[in-house]
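For reference, the chains in residue letters:
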Amino acid sequence: MTRPTGRFPVTAVIGAAILALMLALALLAPVITTGKPLQTDLEGALRGPTAGHPFGQDRLGRDIFAQVAYGTRASLLIAISVVTLTVIAGVAAGAAAGYLGGAVDVVVMRVVDIFLAFPGILLAIALAGVLGPNLGNLVIALSMMGWVGYARLMRAQLLSLREREYVTAARAVGAGPWRIVGRHILPNALSPVIVQATFSAAGVIIAESSLSFLGLGPQNVPTWGGLLAQGAAYLLYAPHIAFFPGLFIMLTVLAFNLVGDALRDSLDPKSRQ
Amino acid sequence: MTGLGRRLLLLIPTVLGVLTLVFFLVHLIPGDPVELMLGETASRADLGQLRADLGLDRPLSEQYARFLGGLVRGDLGRSFYYRKPVLAVIGGALPATALLAAAAMAVAVLVALPLGILAAIRRDRLPDRLALFGSLVGVSMPNFWLGPMLIILFSFRLGWLPVSGREGAASLVLPALTLGTALSAILVRMTRASMLDVLGEDYLRTARAKGVRPVTVIARHALRNALLPVVTIIGLQFGALLSGAVITENVFAWPGVGTLLIQAITARDYPLVQGCVLVIALCYVVVNFLTDSLYALIDPRVRT
């Protein structure tokens, strides 16, 4: 892996701090809230922020802060699952295409082209809509659109790395293809994958909340997008319902983008402008 | 073979792939789609009738062939909900989506080009930093949040613009702003990067050295060359714009294909779902193709 150069800019530190806070919010949700985000309180329905409910209450009087905190769990869990799945699938496909070449390369890249010719979020909307709204289907739908980028990236990396002298040397001393790709090529090809993964975590959070907003996310679980959809119906009387979940989506996405920018600049000084 | 012909030829497997993907979408439905469509109370005879009507009792390969054959004749099946041909239903919604996309594109270009150029000229100074930060916030802001926030401000607090629907030009403003923001955020960065590349070129130094006024250097010499990659990005971002339109339309109840798609999903109107996805995906493929071709036309260096 390329050695990081230079110091981390302030923006990256801010991004990392926001992400740490979000992670803490997700992990501590049962402790810092009542632990019952879906508990109703009809007397407090649509009430704005108060001391007991810092973010206000929704149309059934449920605490919005608790729902936002539990929504952080859902969003981060989905983002981590989708990024992990797509990195594994994409890196494997791209590595196979790049190292084996020939027919494997042609087939993989044609499939990649087809997926690239398709607006990703549209595919996810249609898939989630057809499969039915739940957490597993959402992860499947979002993963279908994400792996392609890694496949392309990995293939390009492999094509350039496999011609390096140290790979030829490894081959000369009798290392098999698995060992060469796994031990000699992958570790050197991972920097851009890590950068890409950080940016796509941001993309997954937006896509996931879009789908939840459209009613295609997990049901009976608080999600940022689902809460925002409810809030969109009460913009006139209770604007706080839509405001807070959206703010958290934006902060999280911004944080991933800030960290991604810094990682890219530090791992690949050439791209700095 | 000319570049254009080769690209057209390469389009065939892509389009076929998109069609196949869309075909399998509807066949992925867990359980029996016919039962889902008619509900649990439907009689056995009704189920069998609909299954036969849809050709779902035939082997998959035959259904696939029939699907492709229908497409060639412009037949996308009938919408259950509207009881009309799918193509007619989508045709009614497409102009609204096209109008929204065009307006959003206009907003994005009008905001992004001046900002991007300013950022490049004032590199590393306040305008540059503000533009870059603004663009980062712009891409991080989900349009289904920006939309409602704009409604609160401009419709409820200020009372300037209508909340939703499509009545007159005023109703286009908020959806176009909402959809255009993310695109303009991307375009600002692209314009800036492209300008910075060009500003470092020798011919600009030559122009300055022979005494051309700074404004002319930027407007005549730099901008023309810097805009080329930006044009490509605008074209390639069209797909993102279409996908964003699906969500923005739903925020504002804008009567386009995106609103139609979500209605169709909710109503389990699968032929209509298939049709909407197909039309949006094909628009995307065609625009990408045109962008590629246009790029080759403008810049002889990429002609192969």
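Residues numbered from 1 in each chain as written. Chains lettered and ligands numbered in written order. Predicted model: local features only at pLDDT ≥ 70, side-chain atom pairs only at ≥ 80, totals over all residues.

Novice: Any details on the overall build of chain A? Residues and values, ideally.
Specialist: Within chain A, the regular secondary structure consists of nine helices and zero strands. Secondary structure elements of chain A, listed N to C terminal, follow the sequence α-α-α-α-α-α-α-α-α. Principal-axis analysis of the C-alpha atoms gives chain A an extent of 75 × 45 × 30 Å. Taking all 273 residues of chain A together, 49% fall into the buried category. Sequence-distant contacts in chain A: of pairs separated by 6 or more residues, those separated by 24 or more amount to 70%. (Helix = DSSP H or I, 4+ residues; strand = E, 2+ residues; numbered from the N terminus. Buried ≥ 20, exposed ≤ 12 C-beta atoms within 10 Å, placed from the backbone. Contact = placed C-beta atoms within 7 Å.)

Novice: Quick one: what's the story with the environment of L261 of chain B, residue by residue and with numbers?
Specialist: All names here are of chain B. Position of L261 relative to the elements: it lies in helix α12 (residues 257–266). The buried category is assigned to L261, around which 28 C-beta atoms lie within 10 Å. Placed 171 residues apart in sequence, L261 and I90 show a C-alpha to C-alpha distance of 9.4 Å. Contact partners of L261, with chain neighbours within four places excluded, come to V246, V273 and C276.

Novice: How would you explain the nonpolar core if you had to name every residue and give the values?
Specialist: Core analysis: the biggest nonpolar cluster contains 158 residues, and L122, A124 and I125 of chain A together with V273, C276, V277 and A281 of chain B have the highest contact counts within it. The residues contacting A281 of chain B, other than those within four sequence positions of it, are F118, P119 and L122 of chain A together with V18 and V22 of chain B. (Core = buried A, V, L, I, M, F, W, Y, C linked by C-beta atoms within 7 Å.)

Novice: Explain the packing of helix α5 (residues 86–121) of chain B against helix α11 (residues 238–252) of chain B to me, and be specific about the residues and the numbers.
Specialist: Axes are the key here: two packed helices are described by the angle between their axes and the distance separating the axes. Residues and elements named next belong to chain B. Running from N to C, α5 and α11 point in directions that differ by 110 degrees, and their axes come no closer than 10 Å. It follows from the interaxial angle that α5 and α11 lie roughly perpendicular. The way α5 lies across α11 gives a crossing that is right-handed. Mapping the contact onto sequence places T97, L100, A101, A104 and M105 in α5 and L241, L242, A245 and E249 in α11. Residue composition of the contact of α5 with α11, grouped by class: seven nonpolar, one polar and one charged. (Axes fitted to C-alpha atoms, helices over the stretch in contact; angles between N-to-C directions. Parallel < 35°, antiparallel > 145°, perpendicular 65-115°, else oblique. Left-handed = near helix turned anticlockwise from the far one by under 90°. Nonpolar A, V, L, I, M, F, W, Y, C, P; charged D, E, K, R; others polar.)

Novice: With reference to specific residues and values, describe the environment of K210 of chain B.
Specialist: Its place among the elements puts K210 of chain B in the loop between α9 (202–209) and α10 (214–236). Counting along the chain gives 152 residues from K210 of chain B to R58 of chain B, while the straight-line C-alpha distance between them is 76 Å.

Novice: Which residues make up the interface of chain B and chain A, and what values go with them?
Specialist: Between chain B and chain A, the residue contacts involve 39 residues of the former and 34 residues of the latter. Of the residues belonging to the side of chain B that touches chain A, the class tally is 33 nonpolar, six polar and no charged.

Novice: Just give me the short version of the confidence of the model for chain B, but keep the residues and values in it.
Specialist: Residue and element names in this part refer to chain B. Across chain B, the average pLDDT comes to 85, with 95% of residues at or above 70. Here helix α2 (residues 33–38) is the element of chain B with the lowest mean pLDDT, 72, and α5 is the one with the highest, 93. At the level of chain-chain contacts, confidence expressed as ipTM amounts to 0.86, with global pTM at 0.87. (pLDDT = per-residue confidence, 0-100.)

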